[in-house]
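# Inside the fold
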Amino acid sequence: MHNIFIIYTGGTIGMVQDEETGTFIPFDFELIEKNLPDLSRLNYELTVHSFDPIIDSSNMRPSIWLEMAKIIRDNYTKYDGFVVLHGSDTMAFSASMLSFLLEGLQKPVIFSGSQLPIGEIRTDARENLMTALEIASAKKDGRSIIQEVCILFDNKLFRGNRSFKYNSDKFEAFRSPNYPVLAEAGIHIRYNEEVLLNNDDKEFICHYDIDNQVGVLKLFPGISTETIEAVLNSNVRSIVMETFGSGNTMTDKWFLDLLEGAIKSGKNILDISQCKVGSVELGRYETSQGLQTIGVLNGYDMTFETAVTKLMYLQGELSSQEEVAHWVQQPIRGELTKND
């Protein structure tokens, strides 16, 4: 008998159609076996924790991330694995943050959801949930095969902090172009064991501090001085700067002077690419050499979702800006690949 803990936060997967109004409303996920009778055929003992009230994922926030982490901490020794049912819009943010808050996981935490409600005829909810449960319970030689936070969607298992939602109209909603798929479900579930995290020798630690003083500066041709100044002068500790290509920006002196002034004032500026595939390579082109000189940090191939949540996590853990600057450029949960 596999003991699996399901955390239902909200999202499309838990909706049913109201017969009178035709609108989609949440159903009591405690009645999951009634809605999915096939579950009774599996050797699972399921415990369901539903958020009350349930949360549209667009309303996700740090306090809810902490609540999810604490629920997993409190039940960690009692269950073989955890499935988090979550709206897809901000799932990559939540999976990334949980990967940082839950250090040394030796059990799977599988985020999943659906593009259509569970009661719809063509829904992807049933397949996603059943596969997530199977992966959450999977063991080999007495240990969990998956020992990290993942996203399961459309028969593919992705590392949570390597994923992003790219499509709101297809069942194939997520991608992870900078890191291989961890597992793929067909007739059998095939695990790509060479790319999985192994935490066998690590201690499980749940972290509790998040500092959301993070800003975002997305560059575009013709961006005004006033816009850049507004972001750089905002009351934040760190700024994620979304740049062109492999980390390039304009080379105008006024722009570099503004960045340097923000860095000298104590802010960290992290360079990530607007491209979904590839990595930042500071200094490769003339258009990024100046950034390296003034102390802009290298975000390598981190997703936007991971860059933001990793900075929030590190700022919660570390009071020193220098320590945050160091660790944001190091892989700590498999979230980036260094190319230097």
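Thresholds, definitions, all that
Residues numbered from 1 in each chain as written. Predicted model: local features only at pLDDT ≥ 70, side-chain atom pairs only at ≥ 80, totals over all residues. Heavy atoms only, no water. UniProt positions renumbered as here; feature names shortened; annotations may be inferred. Helix = DSSP H or I, 4+ residues; strand = E, 2+ residues; numbered from the N terminus. Rg over C-alpha atoms; globule rule 2.2 N^0.38 Å. Buried < 20%, exposed > 50% of the residue type's maximum accessible area, 1.4 Å probe, protein only. Contact = heavy atoms within 4.5 Å. Areas by Shrake-Rupley, 256 points an atom, 1.4 Å probe, with all protein chains shown as cover. Lys, Arg positive; Asp, Glu negative; His and termini not counted. Charge placed at Lys NZ, Arg CZ, Asp CG, Glu CD. Pairing = 2+ DSSP bridges. Axes fitted to C-alpha atoms, helices over the stretch in contact; angles between N-to-C directions. Polar contact = N/O pair within 3.5 Å; in protein donor to acceptor, adjacent residues only side chain to side chain. Core = buried A, V, L, I, M, F, W, Y, C linked by side-chain atoms within 4.5 Å. Phe/Tyr/Trp six-rings, centres within 6.5 Å; stacked < 30°, edge-to-face > 60°. Domains from an automatic or database assignment. Buried area = accessible area lost by both parts, 1.4 Å probe. Salt bridge = Lys/Arg side-chain N within 4 Å of Asp/Glu carboxyl O. Arc of directions from axis to C-beta.

If you check an unreviewed UniProt entry, the protein appears there as asparaginase from Sphingobacterium lactis. The heading Sequence similarities (unreviewed entry) in the UniProt record of the protein holds the text "Belongs to the asparaginase 1 family."

A tally of helices and strands in the protein yields nine helices and 20 strands. In terms of overall size, the protein behaves like a compact globule, its C-alpha atoms giving a radius of gyration of 21 Å where 340 residues would be expected to give roughly 20 Å. Principal-axis analysis of the C-alpha atoms places the extent of the protein at approximately 65 × 50 × 35 Å. Put simply, the protein has 340 residues, and 54% of those count as buried. Across the protein, every contact between residues at least 6 apart in sequence was considered, and the portion connecting residues at least 24 apart equals 72%. On the protein, roughly 15,500 Å² of surface is accessible, and the fraction owed to carbon and sulfur atoms is 47%. Side-chain charges in the protein split into 30 positive and 48 negative, and the spacing between the mean points of these groups amounts to 3 Å.

Right, let's get into the sheet that holds strand β14 (residues 183-185). Two orientations exist for strands paired in a sheet by backbone hydrogen bonds: parallel and antiparallel. One open sheet accounts for eight strands, arranged β4-β1-β5-β7-β10-β11-β14-β15; its pairing is mixed. Strand pairing shows two members of the sheet lacking a second neighbour, β4 (44-50) and β15 (189-191), which therefore form its edges. On average, each strand axis in the sheet is tilted by 25° relative to the strand beside it, whichever way the strands run. Sheet topology note: the strand β1 (residues 2-8)/β4 ladder contains seven bridges and is parallel. Paired with I6 across the bridge in β4 is V48. On top of the sheet, helix α2 (residues 62-75) reaches β1, β4, β5 (81-85) and β7 (109-112); it is set at about 160° to β1, its chief contact. Taken strand by strand, helix α4 (residues 125-137) contacts β1, β4, β5, β7, β10 (149-153), β11 (156-159), β14 and β15, and its axis lies near 155° from that of β5.

With respect to the helices and strands, D211 occurs in the loop between β16 (205-206) and β17 (214-218). Here the side chain of D211 touches Q213 through a polar contact of 3.0 Å, landing on its backbone nitrogen.

With that settled, the discussion passes to the side chain of S279. With respect to the helices and strands, S279 occurs in the loop between β19 (268-273) and α7 (286-294). In this structure S279 comes out as buried when scored by relative accessible area, which is 17%. For S279, the side chain forms a polar contact with the main-chain nitrogen of D301, separated by 3.5 Å. The contacts of S279, once residues within four sequence positions are left out, are S246, Y300, D301 and N339.

In terms of nonpolar packing, the biggest core is built from 53 residues, with M68, L98, L102, V109 and F111 touching the most fellow members. Beyond its immediate sequence surroundings of up to four residues, L98 is in contact with W65, M68, A69, I72, F111 and V149.

For the rest of this paragraph, the subject is the packing of aromatic side chains. Inspection of the entire model under this criterion finds eight aromatic pairs. Centroid distance Y76 to F204: 3.9 Å. Interplanar angle 10°. Geometry classified as stacked. Of this pair, Y76 sits in the loop between α2 and β5 while F204 is found in the loop between β15 and β16, placing the two residues 128 residues apart along the sequence. Note on F93 and F304: the rings are 6.1 Å apart at their centroids and 90° apart in plane angle, and the pair reads as edge-to-face. With a gap of 211 residues between them, F93 in helix α3 (residues 91-101) and F304 in helix α8 (residues 304-317) connect regions that are remote in the sequence.

This part covers the sheet that holds β17. Pairing in this open sheet of four strands is parallel, and the strands run β17-β18-β19-β20 from one edge to the other. At either end of the open sheet lies a strand with only one pairing partner, and these are β17 and β20 (297-298). Contacts from α8 reach β17, β18 (238-243) and β19 within the one sheet, and its direction differs from that of β18 by about 165°. Against the sheet, helix α9 (residues 321-328) touches β18, β19 and β20, its axis set at about 15° to β19.

The subject of this paragraph is the domain arrangement of the protein. Taken domain by domain, the protein consists of domain 1 (2-206) and domain 2 (214-329). With 13 residues of domain 1 in contact, the opposing surface of domain 2 contributes twelve residues. Together, the buried faces of domain 1 and domain 2 total about 1,300 Å²; carbon and sulfur atoms form 66% of this surface. Per-residue buried area on domain 1 facing domain 2 is highest for F93, F100 and N178; these three make up 44% of the total on that side. Of the charged contacts in the structure, one is a salt bridge between R162 and D301, with a shortest N-O distance of 2.9 Å. At the surface where domain 1 touches domain 2, the tally comes to four residue pairs in polar contact (both at pLDDT 80 or more).

The next thing to look at is α9. Restricting attention to buried positions, one finds in α9 the residues Q321, V324, A325 and V328. Considered in projection along α9, the buried side chains sweep an arc of 100° and stay on one side of the axis. Buried residues along α9 sit against β18, β19, β20 and α8.

Look at the link from D52 to P53: it is a cis peptide, with omega at 0°. Looking at where P53 falls in the secondary structure, it is placed in the loop between β4 and α2. For D141, which is not glycine, the phi dihedral falls at a positive 55°. Inspection of the secondary structure assignment puts D141 in the loop between β8 (139-140) and β9 (143-144). Even without a glycine there, the phi angle at Y300 is positive, about 50°. Within the element layout of this structure, Y300 appears in the loop between β20 and α8.

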